[in-house]
2 protein chains.
Amino acid sequence: MPTLSEVARHAGVTPATVSNVLRNRGRVGATTRQRVLDAVQALGYRPHLAARALAEGRAPTLALMVSSIANPFYPEFALAVERAARTSGHFVIICNTNEDPLSGRAYLEQIAGTLSEGVLVTNANLDFADLHTTEARGTPVVLCMWERPAEPPGLPCVAVDFRRAGELAGLHLLELGHRRIGAIVGSKASGIHAARYEGFVDALRTAGVPKARVKHAADTIQGGYAAARALLESDPKLTAIFATNNLPALGAMHAAADLGLNVPADLSVIGITDIQLARESRPALTTVAVPTVEVAELAVTLLRELIESSYGQQAAGRGTARVPMRTASSPELVVRASTGAPRSR
Amino acid sequence: MPTLSEVARHAGVTPATVSNVLRNRGRVGATTRQRVLDAVQALGYRPHLAARALAEGRAPTLALMVSSIANPFYPEFALAVERAARTSGHFVIICNTNEDPLSGRAYLEQIAGTLSEGVLVTNANLDFADLHTTEARGTPVVLCMWERPAEPPGLPCVAVDFRRAGELAGLHLLELGHRRIGAIVGSKASGIHAARYEGFVDALRTAGVPKARVKHAADTIQGGYAAARALLESDPKLTAIFATNNLPALGAMHAAADLGLNVPADLSVIGITDIQLARESRPALTTVAVPTVEVAELAVTLLRELIESSYGQQAAGRGTARVPMRTASSPELVVRASTGAPRSR
DNA sequence: GTGAAAGCGCTAACAG
DNA sequence: CTGTTAGCGCTTTCAC
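Residues numbered from 1 in each chain as written. Chains lettered and ligands numbered in written order. Predicted model: local features only at pLDDT ≥ 70, side-chain atom pairs only at ≥ 80, totals over all residues. Heavy atoms only, no water.

Describing the protein's contact with DNA strand D
Contacts to DNA strand D come from 25 residues, most closely from Leu4(A), Tyr45(A), Arg52(A), Gly29(B) and Thr32(B). Close to the protein, within 4 Å, the atoms of DNA strand D are drawn from sugar and phosphate at a rate of 75%. At a separation of 2.2 Å, a phosphate oxygen of DNA strand D approaches a polar backbone atom of Leu4(A). Contacts to DNA strand D include Arg23(A), whose side-chain N or O atom sits 2.9 Å from a phosphate oxygen. Here the surface near DNA strand D gets four residues from one element, more than from any other, and that element is helix α4 (residues 49–56) of chain A. (Near = heavy atom within 4 Å. Polar contact = N/O pair within 3.5 Å; in protein donor to acceptor, adjacent residues only side chain to side chain. Helix = DSSP H or I, 4+ residues; strand = E, 2+ residues; numbered from the N terminus.)

Here we look at the packing of helix α5 (residues 73–87) of chain B against helix α13 (residues 292–312) of chain B
Residues and elements named next belong to chain B. Taken N-terminus to C-terminus, the directions of α5 and α13 make an angle of 50 degrees; their axes are 8 Å apart at the nearest point. Regarding the angle of α5 to α13, the classification is oblique. Crossing of α5 over α13 shows right-handed handedness. Contacts from Phe73, Phe77, Ala80, Val81, Ala84 and Ala85 in α5 reach Thr292, Val293, Val295, Ala296, Glu297 and Val300 in α13. Residues of the contact of α5 with α13, tallied by class, amount to 10 nonpolar, one polar and one charged. (Axes fitted to C-alpha atoms, helices over the stretch in contact; angles between N-to-C directions. Parallel < 35°, antiparallel > 145°, perpendicular 65-115°, else oblique. Left-handed = near helix turned anticlockwise from the far one by under 90°. Contact = heavy atoms within 4.5 Å. Nonpolar A, V, L, I, M, F, W, Y, C, P; charged D, E, K, R; others polar.)

What to know about the protein's contact with DNA strand C
The local shell around DNA strand C holds 25 residues, among which Gly29(A), Thr32(A), Leu4(B), Tyr45(B) and Arg52(B) are the closest. Restricting the count to atoms of DNA strand C within 4 Å of the protein gives a sugar and phosphate share of 79%. Within the contact set of DNA strand C, a phosphate oxygen lies 2.3 Å away from a backbone nitrogen or oxygen of Gly29(A). Between a phosphate oxygen of DNA strand C and a side-chain N or O atom of Arg52(B), the distance comes to 2.5 Å. Looking at the surface near DNA strand C, the elements that each hand over two or more residues are α2 (15–23) and α4 of chain A together with α2 (15–23) and α4 (49–56) of chain B. Take the surface near DNA strand C: its biggest share by element is four residues, from α4(B). Here the surface near DNA strand C is composed, by residue class, of 11 nonpolar, eight polar and six charged.

Digging into the relation of the copies chain A and chain B
Taken as rigid bodies, chain A and chain B are interconverted by a rotation of 180 degrees and an axial shift of 0.1 Å, the fit giving an RMSD of 0.1 Å. Read as a symmetry element, the transformation amounts to a two-fold axis. Across chain A, the smallest distance between a C-alpha and the rotation axis is recorded for Ile93(A), namely 2.2 Å. By residue overlap, the copies meet face to face through one surface: 100% of the interface positions of chain A are interface positions in chain B. (Least-squares fit on C-alpha atoms with pLDDT ≥ 70 in both.)

Examining the sheet that holds strand β6 (residues 181–186) of chain A
Residues and elements named next belong to chain A. Read from one edge to the other, the open sheet built from six strands follows the order β7-β6-β8-β9-β10-β12, with strand pairing classed as mixed. Two strands bound the open sheet, and with one partner strand each, they are β7 (213–217) and β12 (332–334). The average undirected angle you get between the axes of adjacent strands in this sheet is 20 degrees. Helix-sheet contacts for helix α8 (residues 162–176) involve β6, β8 (240–243), β9 (268–272), β10 (286–289) and β12, and the interaxial angle to β9 is about 165 degrees. Where helix α11 (residues 246–258) meets the sheet, its contacts fall on β6, β8, β9 and β10, and the angle it forms with β9 comes to roughly 165 degrees. (Pairing = 2+ DSSP bridges.)

Things to note about the pattern of salt bridges
A side chain with one charge may pair with a side chain of the opposite charge, provided their charged atoms come close. Evaluation of the coordinates by the stated rule reveals 42 salt bridges over all chains. Among the ionic pairs, Asp130(A) bridges to Arg105(A), the shortest N-O distance being 3.0 Å. Taken together, the residues span a long stretch of sequence, with Asp130(A) in helix α7 (residues 128–136) and Arg105(A) in helix α6 (residues 101–111) at a distance of 25 residues. Residue class for Asp130(A) comes out buried when judged on its relative accessible area of 10%. Taking the relative accessible area as the measure of exposure, Arg105(A) reaches 35% and is therefore partly exposed. A salt bridge links Asp235(B) to Arg213(B); the shortest N-O distance between them is 3.6 Å. One end of the pair, Asp235(B), is in the loop between α10 (221–234) and β8 (240–243); the other, Arg213(B), is in strand β7 (residues 213–217), and 22 residues separate them in sequence. Because the salt bridges share partners, they merge into one network encompassing Arg163(A), Arg164(A), Glu167(A), Asp202(A) and Arg205(A). (Salt bridge = Lys/Arg side-chain N within 4 Å of Asp/Glu carboxyl O. Buried < 20%, exposed > 50% of the residue type's maximum accessible area, 1.4 Å probe, protein only.)

Overview of the domain arrangement of chain A
Interface extent is often summarised as the accessible area lost during association of the parts. All names here are of chain A. As assigned here, chain A comprises domain 1 (4–47), domain 2 (61–139 + 292–327) and domain 3 (162–290). Distance from the C-alpha centre of domain 2 to the C-alpha centre of domain 3: 31 Å. Each partner contributes to the interface: domain 2 provides seven residues, whereas domain 3 provides nine residues. Carbon and sulfur atoms supply 57% of the area buried between domain 2 and domain 3, which totals about 630 Å² over both sides. On the domain 2 side of the interface with domain 3, the three residues burying the most area are Asn71, Phe73 and Glu76, jointly 53% of the side's total. Where domain 2 meets domain 3, there are three residue pairs in polar contact (both at pLDDT 80 or more). Here the side of domain 2 that touches domain 3 is composed, by residue class, of three nonpolar, three polar and one charged. (Domains from an automatic or database assignment. Buried area = accessible area lost by both parts, 1.4 Å probe.)

Some points on the interface of chain A and chain B
Across the contact, 47 residues belong to chain A and 47 residues belong to chain B. Note on chain A versus chain B: buried area summed over both sides is about 4,500 Å², and carbon and sulfur give 58% of it. Counting the contacts that link chain A with chain B gives two salt bridges. Put simply, Arg282(A) and Asp258(B) hold a salt bridge, and the shortest N to O gap is 3.0 Å. At the boundary of chain A and chain B, one finds 25 residue pairs in polar contact (both at pLDDT 80 or more). Broken down by secondary-structure element, the contributors of at least two residues to the side of chain A that touches chain B are α4, α5 (73–87), β2 (91–96), α6, α10 (221–234), α11 and α12 (276–280) of chain A. Among the residues making up the side of chain A that touches chain B, the classes are represented as 27 nonpolar, 10 polar and 10 charged.

A closer look at the packing of aromatic side chains
As enumerated under the stated definition, the model contains 10 aromatic pairs over all chains in all. With 4.2 Å between their ring centres and 10 degrees between their planes, Phe200(A) and Phe242(A) make a pair best called stacked. With a gap of 42 residues between them, Phe200(A) in helix α9 (residues 194–206) and Phe242(A) in strand β8 connect regions that are remote in the sequence. Assessed through its relative accessible area of 1%, Phe200(A) is described here as buried. Note on Phe242(A): relative accessible area 0%, which makes it buried. The cationic tip of Arg86(B) hangs over the ring face of Tyr107(A); the distance from NZ or CZ to the ring centre is 3.9 Å. Residue placement shows Arg196(B) over the ring face of Phe162(B); its charged tip is 4.0 Å from the ring centre. (Phe/Tyr/Trp six-rings, centres within 6.5 Å; stacked < 30°, edge-to-face > 60°. Lys NZ or Arg CZ within 6 Å of the ring centre and 35° of its normal.)

This is how it looks when you write it as structure tokens:
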């Protein structure tokens, strides 16, 4: 592979000049510039990104921490991030923590600041302390789906109003006339579904509808299946089920089918987030969509800004700076086929 | 961030020595080694990967080219690759071509050899010429799912016997007693489903069963849906449908449902590859699984070997070297609930 | 406008 | 065993 100096030699100039024309830095005469460009063409020169990274003190890559692939939401989000990163000139290294905080830490230890100049975090089951450490070391970190805009975390983030999402789901069910509703809430441990559930509960309370039965479940189809069965067995009169996520909602639909219940005639089902699967299930799942692509874009933009400013002011005024937060636009109800008016029974 | 020389100074040795203990290169006295290790600890030193990449002339990253996310198979495979790469000490940069060869080329232009020392290619709709170019430039390329072991492509690859997969699907249907079978074959353009279909046809022919009706379809649920409807309308007596991929198979199940057909009582459906979706559809899809994880591992291993040898023999004997190919173990039938004996009608 | 020179952080011979 | 000496390929002041 040809190097910068080879190009320089070929063009009869010095490496500095070549570098200048390539990056539109400094002033270069029109004819010299052309000569350099020709040489680049002739030799098929391509800048060595690792070398450039070293010289510039910054690598053109971002690390994206994801927890697993079991939930199709993450790959979908990952691709959205890749697109956003690409338009900002970054490459993305995909770091699968596989739900293991240690694995996540190992990734951060290795590449944060040494191979990637920023870190994006999806719900990756990471140790927050590790994230603070990498931030303290000078590598910006952005959380991608912070669930409660009202309570900023200690790290920069893109917030999504998941409380509102839960509320919208609740309102939809109420409007349809449901009064006896069950709820499937994602695993308590991660606490990530708390806001969604809160919003849902608020909607019911405001409407004066009795609180729903709740069942916690793993964020999987199976988890939702089991939870829905339990819910329906303990209260066969339920006319609707709200799930804080799509996979459990899908599981609930399966459970309904196995119990001989028709969705939505006998049982309405609604979820949150809008993955491809939701569009393609039978019946298609009604859900509250969160603006995934927008979140990815906001996150990448925010990360870039943090990166930029971290190069500017070397840890200046760190203590006083407020932790930045961007809020994505509001979730939106997507009505499909899994919800309808309750059949009187 | 502390540097190697800072560690060296702290430990009262030279950078070279630190480097040696860190990489277990050269001989270092036990006490010196300990002193260095202590300094590393004390300073919280972490090697700068970009700098190392430049010095070594090789980056610890692999590029994974994928075409899209519409088909959940790719993300699933991508994660398998990440796992395999990780155990071989590599990071993976995810390159989404988005079905656009130009986008793929841009990726290759930029990072092949300059930021990543190897390229893994899934069915990414790339221009083969671009791949050959990057290979000629000295960056090894490995194709991840070559479909016909009998006809090596011009590039190193991991082959999967998709012909056999099609055959297994056909045999399964035949064994169940089906004689009137429809086939949904993935888009002709990519030609990627040809082998699967061949195997299927061979199975029928060998059994003396009349050739099936064929319908081409996009590799999506919708595509399969439309194809299945067309198939069933043109021949309502079909008792089974074979699809060369999972998404169309799922679509066929939906079509059956809409036509009032019960799967598998009225219509059996079988697909190829085994994505998560297949396990969770209702009824669960019978399919022929290909060893995804194994393919990922073989691909990474092969790529590593190519990388290693490319550093050894600087383009030596390039012309004569045979293009290496690894073959993954045979596809296997996974019987689930979407296939059964044909109901006599 | 262009060149000279220093250096990013690390590795890799080769000396001692 | 450890230190010296060169770079890897590129960027970036700062002179000229």
